[in-house]
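Next come the chains, spelled out residue by residue.
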Amino acid sequence: MVTDEKKKRHGKKALIAIVVLLLLVLIGLTGWYLWPHETTLERSVRAELGQLDGKTTAEIEAELNRVVEEGNMSISINVNPTFATGDAEGTLQIENSPANLYAQTVVITRDDTQEILYKSGLLEPNYHIQTDRLLVDLDAGNYDCTATFTAYDLETNEPIGQAAAKIKITILA
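Let me sum up the structure you'll find in this document. (Residues numbered from 1 in each chain as written. Predicted model: local features only at pLDDT ≥ 70, side-chain atom pairs only at ≥ 80, totals over all residues. Heavy atoms only, no water.)

## Focus on the sheet that holds strand β2 (residues 82-83)
Line of reasoning, step 1. Strand order in the open sheet formed by five strands is β2-β8-β7-β4-β5, and the pairing between neighbours is mixed. Unpaired on one side and paired on the other, β2 and β5 (116-119) mark the two borders of the sheet.
Line of reasoning, step 2. Where strand β4 (residues 103-110) lies against strand β7 (residues 141-152), eight bridges are found, and the strand directions are antiparallel. By the bridge assignment, Arg110 is partnered in β7 with Cys145. (Pairing = 2+ DSSP bridges. Helix = DSSP H or I, 4+ residues; strand = E, 2+ residues; numbered from the N terminus.)

## Some thoughts on the sheet that holds strand β1 (residues 48-49)
Pairing between sheet strands relies on hydrogen bonds along the backbone, with the strands arranged either parallel or antiparallel.
Line of reasoning, step 1. Spatial strand order, β1-β6-β3: three strands in an open sheet with antiparallel pairing. Each edge of the sheet is formed by a strand with only one pairing partner; in this case those strands are β1 and β3 (94-96).
Line of reasoning, step 2. In this structure, β3 lies alongside strand β6 (residues 127-129), joined through three bridges in antiparallel fashion. Following the sheet pairing, Asn96 is matched in β6 by Tyr127.

## Side note on the pairing of β5
Line of reasoning, step 1. Here three bridges tie β4 to β5, and the two strands are oriented antiparallel to one another. Following the sheet pairing, Val107 is matched in β5 by Lys119.
Line of reasoning, step 2. Remark: five residues form the turn of the hairpin made by β4 and β5, two consecutive strands paired antiparallel; Gln114 in that turn has positive phi of roughly 65°.

## Quick look at the pattern of salt bridges
Line of reasoning, step 1. Under the defined criterion, the tally for this structure stands at six salt bridges.
Line of reasoning, step 2. One salt bridge in this structure joins Arg110 and Asp112, with 2.7 Å as the shortest N-O distance.
Line of reasoning, step 3. One network of salt bridges, in which partners are shared, links Arg46, Glu89, Asp132 and Arg133. (Salt bridge = Lys/Arg side-chain N within 4 Å of Asp/Glu carboxyl O.)

## A look at the nonpolar core
Line of reasoning, step 1. Ile77, Ile94, Ile108, Leu134 and Ile169 are the most contacted members of the largest nonpolar core, which totals 20 residues.
Line of reasoning, step 2. Residues in contact with Ile169, not counting those within four places in the same chain, are Pro81, Phe83, Ile108, Leu117, Leu134, Gly141, Asn142, Tyr143 and Cys145. (Core = buried A, V, L, I, M, F, W, Y, C linked by side-chain atoms within 4.5 Å. Buried < 20%, exposed > 50% of the residue type's maximum accessible area, 1.4 Å probe, protein only. Contact = heavy atoms within 4.5 Å.)

## Looking at the side chain of Asn96
Line of reasoning, step 1. Counting through the fold element by element, Asn96 comes out in strand β3.
Line of reasoning, step 2. With near-sequence residues (within four places) excluded, Asn96 lies in contact with Tyr102, Ala103, Gln104, Leu123, Glu124, Pro125, Asn126 and Tyr127.

As far as function goes, none of this settles anything; it's purely spatial.
Following this line, the structure appears as C-alpha cells:
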C-alpha cells in the first residue's frame with residue numbers, strides 16, 4: 001500500500017526532475033545564443049552510415065516510426081565511455097538518429113577545467129561514431145565531462161539549437 005508520505009516523496013522527485021530538465025534546456029538555449037556561430041563545418045571522418053551496432057530491428061523500426069516534430073532533437077552518446085589508455089580509441093557511441101531533422105556536432109569538455117577533449121565534426125542524421133580518440137592524452141582515471149550537441153540546419157549549416165549530457169570518461173591505464 002502506498003502511503004501519503006511516499007506519494008509526496010515521489011511527487012517531489014518528479015518535480016525536481018522536471019525543474020532540472022527545464023534548467024538544462026534553458027542552459028542549452030542560452031549557450032547556443034552566446035556560442036560563436038561557425039559558418040564552415042567539416043564532416044566527421046569517423047562517422048559511419050547507419051545506427052549503432054547491436055540495435056534490434058524492433059528498436060530501429062520504433063525509432064524510425066516515431067513522429068518527430070520540427071523543434072525536437074534526439075541526442076545519443078555513451079555516458080560512460082572507456083579508453084584503454086589516454087591515446088587509444090574509446091567507446092564514445094555517438095549517434096545522430098535517423099529521426100532527427102538536423103545535422104549535429106558533439107564537443108566534450110572536462111567539467112573541472114573546461115578543456116575540450118573531443119570534437120566530432122558534423123554528423124548528418126542516420127550517422128554514428130562507434131569509437132574515436134580524444135584530442136588530449138589523459139592520465140588514468142575518471143573524468144566528469146559534458147557532451148554538448150549542437151544542431152545544424154541541413155540546408156544552411158546554421159546552428160539552430162543545443163542540448164547537453166553529463167558523461168564520465170574512464171581511462172584505464
